[in-house]
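Examination of the molecular architecture
These are the residues of each chain, in order.
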Amino acid sequence: MTVLCKLANGKKIWPPPIWLMRQAGRYLPEYNVVRNKAGSFLDLCYKPEYASEVTLQPIERFDLDAAIIFADILLIAQNVGIKLRFLEEIGPVLEKSLLDSPRLGKVAQVEGSKLMNIGDAINLTRARLSKEKSLIGFCGAPWTVMTYMINGGSKKDFSQAIKWMDDNSSLASDMIDILVELSASYLILQISAGADVVKIFDSWAGVLSKEKFDDWVIKPTSEIISKVKQVYPDTPVIAFPKGAHKLYEKYACETGLNIIAVDSELDRDFVKDILQKKAIVQGNVSPNLLLKGGAELKQDIEININKFRGKPFIVGLGHGILKETPPQHVQDLVNFVRSFS
Ligand code: CP3
């Protein structure tokens, strides 16, 4: 069993396991080398040899406890007929946004699609990764993926997406159902290829009211988890409703997750007193403090570990590593966590 599976099965692991969101990325010089060789960001995701290589880079450099397969939550949008590109300095651009073309054609499938390449990358990576390290597969949650499909890219303002969902409620719910199906089969594919943990990213869960959170976050996420568990009941599921504040509790209780990833804004006493009673917690060192490094970072890690150490937990960040982060700060984090007894 790999380390995260042992933890999910109730085994005490000390010092706590460590892995970080976006641990493979532009802050690592060796990533940029492979990224340039691959050509585009999408080529990097879809070429198993390259994807596997960058997935393993942070493990080789820092000896982290888990690798997360290199891909992107938006790849799935290509499966519903949306043209996707990643532009330098801008990020994702989804050309045929749902707003322009609200009638989507054929219902997509994972089988036979480009997403199969991610399965191949997982297969290669599992064979190269040492037995005790976990390999995490992932997908985006339907609501977060939909925000990009509606907005056509990254936007800080979600009012347009929420309005579109309200104005087109029947199409919106059909689209969520399609994404639930696709995401569940995609996670199942990843597990059958060798992922031993899967994660669902709901990066924009925090912008919704309680009622919409129930319909667009909790319901689809629990459907995905239950479909995955029907096939792979023992595979731990991590889920991340970023920014959900007090709704984290409902999410932890109702979705069927095993591990809850928490953002850096969430109050650590709430995490300890409420969430740690419901699930294994992963988090929540701030990516900004990781960027700064030094004494402030150490102090935050210390508070984090002392707060959560009573129950099994995973040291992680509240969100992804920022691209300006010096790799040495990640090494410092790992060394400091491993010095705890
Ligand atoms: O190491 C890992 O965490 C695995 C790989 C991974 C990526 N994206 C690679 C990536 C994972 C798990 C994701 C998830 C993802 N992608 C999320 C959910 C987590 C989160 O960050 O909230 C979201 C919202 C996306 C969508 C996305 N992908 C955006 C908005 C961007 C542009 C912003 C940016 O950082 O540039 C991406 C691009 C992206 N995905 C990069 C990486 C390493 C950077 C692009 C590059 O290297 O050229």
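In this report, we go over the structure that sits alongside the text. Every chain is numbered on its own, with residues counted from 1 as its sequence reads. Thresholds applied to this predicted model are a pLDDT of at least 70 for local features of residues and 80 or more for the giving and counting of side-chain atom pairs; totals over whole chains, interfaces and linings are not thresholded and use all residues. With hydrogens and water stripped out, all remaining heavy atoms of the structure feed into the side-chain values.

Turning next to the packing of helix α8 (residues 159–167) against helix α9 (residues 169–193). Working convention: axes come from line fits to C-alpha atoms, limited for helices to the stretch in contact. Angles between N-to-C directions cover 0 to 180 degrees. By definition, any uninterrupted DSSP run of H or I lasting at least four residues is a helix, any uninterrupted run of E lasting at least two residues is a strand, and each is numbered from the N terminus. Interhelical geometry of α8 versus α9 gives an angle of 105 degrees and a closest axis separation of 5 Å. As summarised for this structure, α8 and α9 are arranged roughly perpendicular, according to the angle between their axes. Only Ser 169, Leu 171, Ala 172 and Ile 176 of α9 make contact with α8, whose side of the interface consists of Trp 164, Met 165, Asp 166 and Asp 167. Three classes are used: nonpolar for Ala, Val, Leu, Ile, Met, Phe, Trp, Tyr, Cys and Pro, charged for Asp, Glu, Lys and Arg, and polar for all others, with Gly counted as polar. Across the contact of α8 with α9, the residue classes tally to five nonpolar, one polar and two charged. Working rule for angles: under 35 degrees goes down as roughly parallel, over 145 as roughly antiparallel, 65 to 115 as roughly perpendicular, anything else as oblique. Between two residues, a contact is recorded if the distance between any of their heavy atoms is within 4.5 Å.

Further remarks concern the sheet that holds strand β9 (residues 313–317). For two strands to count as paired, DSSP must find a minimum of two bridges between them. Sheet architecture is open: seven strands sit in the order β1-β4-β5-β6-β7-β8-β9, paired in parallel fashion. With one partner strand each, in any of the chains shown, β1 (66–68) and β9 form the two edges of the open sheet. Adjacent strand axes in the sheet meet at a mean angle of 25 degrees, parallel and antiparallel pairs treated alike. Across three bridges, strand β7 (residues 259–261) lies against strand β8 (residues 280–285) in parallel orientation. Pairing of Ala 261 across the sheet is with Gln 282, part of β8. Seen against the sheet, α9 touches β4 (134–140) and β5 (197–202) and runs at an angle of roughly 165 degrees to β4. Packed on one face of the sheet, helix α14 (residues 294–308) meets β8 and β9 and runs near 160 degrees to β8.

In the vicinity of the ligand, 24 residues are found, and the nearest of them are Tyr 31, Arg 35, Asp 72, Ser 203 and His 319. Think of a polar contact as two N or O atoms within 3.5 Å of one another; within protein, one of them needs to be a possible hydrogen donor and the other a possible acceptor, and neighboring residues in sequence only count if both atoms come from side chains. A distance of 2.6 Å is found between an oxygen atom of the ligand and a side-chain nitrogen or oxygen belonging to His 319. Put plainly, a pocket is an open set of points on a 1 Å grid over the protein atoms alone with protein on both sides within 12 Å along at least five of seven lines, a cavity is a set where a 1.4 Å probe fits but cannot get out, and a lining residue has an atom within 4 Å of a point. Being in a pocket or cavity means that more than half of the molecule's atoms lie within 2 Å of its grid points. Because more than half of its atoms lie within 2 Å of the grid, the ligand is assigned to the largest pocket. Across the shell around the ligand, the residue classes tally to 15 nonpolar, five polar and four charged. In these notes, residues near a molecule or strand are those with any non-hydrogen atom within 4 Å of it.

Limitation: the analysis is restricted to geometry and does not speak to function.
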